[in-house]
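Results of the structural survey
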Amino acid sequence: MSALDHASIVRAVSQLGTEACLESVQSLLHSHGIGVLVLKGVHLGHTVYDDPIERPYSDLDLLVRPREFSDAVDLLETRGFTRQAVSTRRATEDDYYCYTFFSHNGVTVELHRALAGQRRYTVDVDGLFQRAEAWTIGRGRFGGLGTEDLLVHLCVHAAKSAFVFIGEKHLRDVGQVVGRRTVDWSAFLSRIRSADCRAGAYYLLLAAKKQLGAQIPDSVLDALKPSPIRTLWLSRHL
């Protein structure tokens, strides 16, 4: 067996475990009337890639409505999910935008009530649920962000860490979304401006276009481009 074959098998087994965990968590939350959307990895792998194995994922990023977040946290803890402490300060713990849990089979579950912390890049979560799309794994039916919201989230995800953890995988995500979906660029621009994430979106989309040939219209980049002074400063740091 080649190293590549072995790596592919290991990845496939890991992904199957992640998908099984997703089914279990969604079933638990839905049984208590809590809606949930899948962010990034699993959703992307099953909707914009030809084969999920092309898009590595080993953890779950899940979004619930802020008003249901506390109940969702309690449910996971009562079912044996171990929560990682955010901080020793109660105020920080209560205000944090996502909690990390560890499942029985070792899958990491990040439960979100917002797309970014410190009230940066704010996005109306109820709107995300209203515009959500349905997608499937086998007979399982799940919810994920609609096309424009999916692209907004990819931009926010890059910007919130100042691109520190962003690599080719994330640029490929952008390329796959714009290559496989029909993007309403007017709606995307409106939502990215509302989230105050224009600069982050500009650099992520520009990188995806320059490095991987992503089909980003020049007019969209022109609409997002920061002022000359800010562009000069950001180009030195991103």
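Note that the structure is a prediction, hence the values are computed from the model and not measured.

1. A look at the pattern of salt bridges
Applying the stated rule across the entire model yields 12 salt bridges. Note that Asp126 and Arg67 form a salt bridge whose closest N and O atoms lie 3.2 Å from each other. Taken together, the residues span a long stretch of sequence, with Asp126 in helix H5 (residues 125-130) and Arg67 in the loop between strand S2 (59-63) and helix H3 (69-78) at a distance of 59 residues. Using a relative accessible area of 28% as the deciding quantity, one classes Asp126 as partly exposed. We classify Arg67 as exposed; its relative accessible area is 58%. One salt bridge connects Asp149 with Arg131, and the closest N-O pair in it is separated by 2.8 Å. One end of the pair, Asp149, is in helix H6 (residues 147-160); the other, Arg131, is in the loop between H5 and strand S6 (133-137), with 18 residues separating them in the sequence. Judged by relative accessible area, Asp149 falls into the buried class, the value being 3%. Residues joined in a network through salt bridges with shared partners are Arg65, Arg67, Glu68 and Asp126.

Rules used throughout
Residues numbered from 1 in each chain as written. Predicted model: local features only at pLDDT ≥ 70, side-chain atom pairs only at ≥ 80, totals over all residues. Heavy atoms only, no water. Salt bridge = Lys/Arg side-chain N within 4 Å of Asp/Glu carboxyl O. Helix = DSSP H or I, 4+ residues; strand = E, 2+ residues; numbered from the N terminus. Buried < 20%, exposed > 50% of the residue type's maximum accessible area, 1.4 Å probe, protein only.

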